[in-house]
Amino acid sequence: MVKDTTINWRIYHLVQSGVIERISKGKYRFGTAKVWIPELSAQLTSLHKKLKRQFPFLEICVWSNSVFNEFMVHQLFKYFTIVEVDKDSSEAVFFWLKDSKFNVALDPSDDFINKYLAGNEENIIIKPLISEAPLQKVNGIILPSLEKVLVDITCDKSLFNAVQGSEMRNIFTGAFRKYTIITDRLLRYAARRSKREEIINYLKRNQIYGNNDNLLPEYSL
């Protein structure tokens, strides 16, 4: 009988060699993982550096709604930057950015978004960073994973109102087809945001499985 440690090591070696990829807890398939890395513009890089100089011990996730254009039919032309930090630190970050002459809003209301956000292409939105959110680090900068982005557009419908409806289906479908989605990571974060059942129902209803065929139905409600 082969020991569990031996099996785990062989699986690890196969993953590292690109022979198989992990698509969920305990589930693998042949092929190399296709990891989504969001656009890292000079503006985002500069903003992150400024924030880290001012708040060196704070975990800061930065990204732009422009990342959705990769998957959309009708491209966005109004962009804003999202800065996510610990909820207890969000006001300090907000006031520092405001004092630094940035156009910034702190976890804005639906009314603010509808009245003001669309009219300014340089807004920075401060949002609380959900604990255990799936993140990735690129060139020392913390960015969201694709699983996080998909859940966020489901939860924050007012903020991401331009990518709802058919465009939201395009984003989900394109994401699952082009990249490796770690389903348990997606659903774990969805549960953190009280959207697990909604995400499961949405994917099943729209038959969005991509390269993860027949994986999602194994999750029960």
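In what follows, the structure referred to is the one given above.
This section reports on the structure supplied with the text. (Residues numbered from 1 in each chain as written. Predicted model: local features only at pLDDT ≥ 70, side-chain atom pairs only at ≥ 80, totals over all residues. Heavy atoms only, no water.)

**Quick word on helix α5 (residues 146-155)**
Then, in step 1: Most of α5 sits out of view: ten of its ten residues are buried.
Then, in step 2: Residues of α5 that are buried: L146, E147, K148, V149, L150, V151, D152, I153, T154 and C155. (Buried < 20%, exposed > 50% of the residue type's maximum accessible area, 1.4 Å probe, protein only. Helix = DSSP H or I, 4+ residues; strand = E, 2+ residues; numbered from the N terminus.)

**Some remarks on unusual backbone geometry**
Then, in step 1: The backbone of E132 shows a phi angle near 65 degrees, a positive value even though the residue is not glycine.
Then, in step 2: Relative to the helices and strands, E132 resides in the loop between β6 (124-128) and β7 (135-138).
Then, in step 3: Residue E132 is classed as exposed on the basis of its relative accessible area, which comes to 61%.
Then, in step 4: Non-glycine residue Q207 carries a positive phi angle of around 50 degrees.
Then, in step 5: Tracing the backbone through its elements, the reader meets Q207 in the segment after α8 (196-205).

**Here we look at the nonpolar core**
Proteins that are soluble and globular tend to have nonpolar side chains buried together.
Then, in step 1: Among the nonpolar cores identified, the biggest contains 41 residues, and F68, L150, F160 and F172 are the most heavily contacted of them.
Then, in step 2: Secondary-structure elements contributing two or more residues to this core are β3 (61-64), α5, α6 (166-178), α7 (183-192) and α8.
Then, in step 3: No other element matches α5, which puts six residues into this core.
Then, in step 4: Sequence-distant contacts of L150, that is, excluding residues within four places in its chain, are made with I171, F172, A175, F176, I181 and L186.
Then, in step 5: The next biggest cluster of nonpolar side chains, apart from the first, holds 18 residues, and it includes L51, F55, L97 and I141. (Core = buried A, V, L, I, M, F, W, Y, C linked by side-chain atoms within 4.5 Å. Contact = heavy atoms within 4.5 Å.)

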